[in-house]
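# Overview (structure and organization)
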Amino acid sequence: VQLQASGGGLVQAGGCLRLSCTASGSILKINSMGWYRQAPGKERELVAKIRSGGTTNYADSVKGRFTISRDNAKNTVYLQMNSLKPEDTAVYYCNNGGLQRSLRPFDSWGQGTLVTVSS
């Protein structure tokens, strides 16, 4: 299963961006879809995750500013990022976990998209 992420870029503090990530391949079901980020010199951290039933969880640092959503028909997960702060600057990675048509599980990562927030 391959993931293709897009939507990163340069934005001023207080601005917004929307990230998208589309999965392709032999997919039977995607259980969890999430976004992680890694800032320079820091470990990768969970930003937000959404499960097949629609339940979500967010990092405390983004609650109230970021919204994760999914379009199951398109195998796509979105991350709407509002009120961006310089500390949100990072490479953002999407991650999906689920089952392939062969009934083998998968856990795939996208290539990463850079988000830069200027002060």
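This section reports on the structure supplied with the text. Since we're looking at a predicted model, the values are computed, not measured. (Residues numbered from 1 in each chain as written. Predicted model: local features only at pLDDT ≥ 70, side-chain atom pairs only at ≥ 80, totals over all residues. Heavy atoms only, no water.)

### Examining the overall build of the chain
Rules: Strands here are runs of E lasting at least two residues and helices are runs of H or I lasting at least four, both read from the DSSP assignment and numbered beginning at the N terminus. For the radius of gyration, the atom set is restricted to C-alpha positions; the globular benchmark scales as 2.2 Å times the number of residues to the power 0.38. Here the term buried applies to any residue with accessible area under 20% of the maximum for its type, exposed to any over 50%, and partly exposed to those in between, with areas from a 1.4 Å probe on protein chains only. Every residue pair with non-hydrogen atoms within 4.5 Å of one another is taken to be in contact. Only the protein chains shown count as cover for residues, with accessible areas throughout obtained via the Shrake-Rupley method and a probe of 1.4 Å. A residue counts as positive if it is Lys or Arg and as negative if it is Asp or Glu; His and the chain ends are not included. Here the site of a charge means NZ on Lys, CZ on Arg, CG on Asp, or CD on Glu.
A tally of helices and strands in the chain yields zero helices and eleven strands. Ordered by position from the N terminus, the helices and strands of the chain form the series β-β-β-β-β-β-β-β-β-β-β. In summary, the chain has a C-alpha radius of gyration of 14 Å against a globular reference of 14 Å for 119 residues, a match within 12%. Oriented by its inertia axes, the alpha-carbon framework of the chain measures out at about 50 × 25 × 25 Å. Relative to its 119 residues, the chain shows a buried fraction of 41%. Here the contacts in the chain between residues at least 6 apart in sequence split such that 54% fall between residues at least 24 apart. Surface summary for the chain: the accessible area is close to 6200 Å², and the carbon and sulfur share equals 48%. The chain carries 14 positive and 7 negative side-chain charges, and their two centres are separated by 8 Å.

### Remarks on the nonpolar core
Our working rule: Here, nonpolar core means buried Ala, Val, Leu, Ile, Met, Phe, Trp, Tyr and Cys residues that are tied together by side-chain atoms lying within 4.5 Å of each other.
The biggest cluster of nonpolar side chains holds 29 residues, and the ones touching the most others in it are Trp35, Val47, Phe66, Leu79, Met81 and Tyr92. Among the elements of the structure, β1 (2-6), β3 (17-24), β4 (27-38), β5 (45-51), β7 (66-71), β8 (76-81), β9 (90-100) and β11 (113-118) are those that each provide at least two residues to this core. In contact with Val47, other than residues within four places in its own chain, are Trp35, Tyr36, Arg37, Asn57, Tyr58, Ala59, Val62, Phe66, Leu79 and Tyr92.

### Examining the packing of aromatic side chains
Counted only if it meets this: Classification of ring pairs uses Phe, Tyr and Trp, with its six-membered ring standing for Trp, and accepts pairs whose centres are within 6.5 Å; under 30 degrees between planes counts as stacked, over 60 as edge-to-face, and the remaining range as tilted. Only when the NZ of Lys or the CZ of Arg is both within 6 Å of the ring centre and within 35 degrees of the ring normal is a charge said to sit over the ring.
Applying the stated criterion across every chain, the model contains one aromatic pair. Sitting over the ring of Tyr93, Arg44 keeps its end group 3.8 Å from the ring centre. One cation-aromatic arrangement involves Arg44 over Trp109; the distance from NZ or CZ to the ring centre is 4.8 Å.

### Remarks on the state of the cysteines
This is how the line gets drawn: Pairs of cysteine sulfur atoms within 2.5 Å are what we label disulfides.
Under the criterion given, the structure shown has one disulfide. Disulfide partner of Cys21: Cys94, at an S-S distance of 2.1 Å. On the sign convention where negative is left-handed, the bridge of Cys21 and Cys94, at about 60 degrees about the S-S bond, is right-handed. Here Cys94 lies in strand β9 and Cys21 lies in strand β3, a separation of 73 residues in the sequence. Taken as a pair, Cys21 and Cys94 share a single burial class, namely buried. Residue Cys16 stays outside any disulfide, its sulfur separated by 20 Å from that of Cys21, the closest cysteine.

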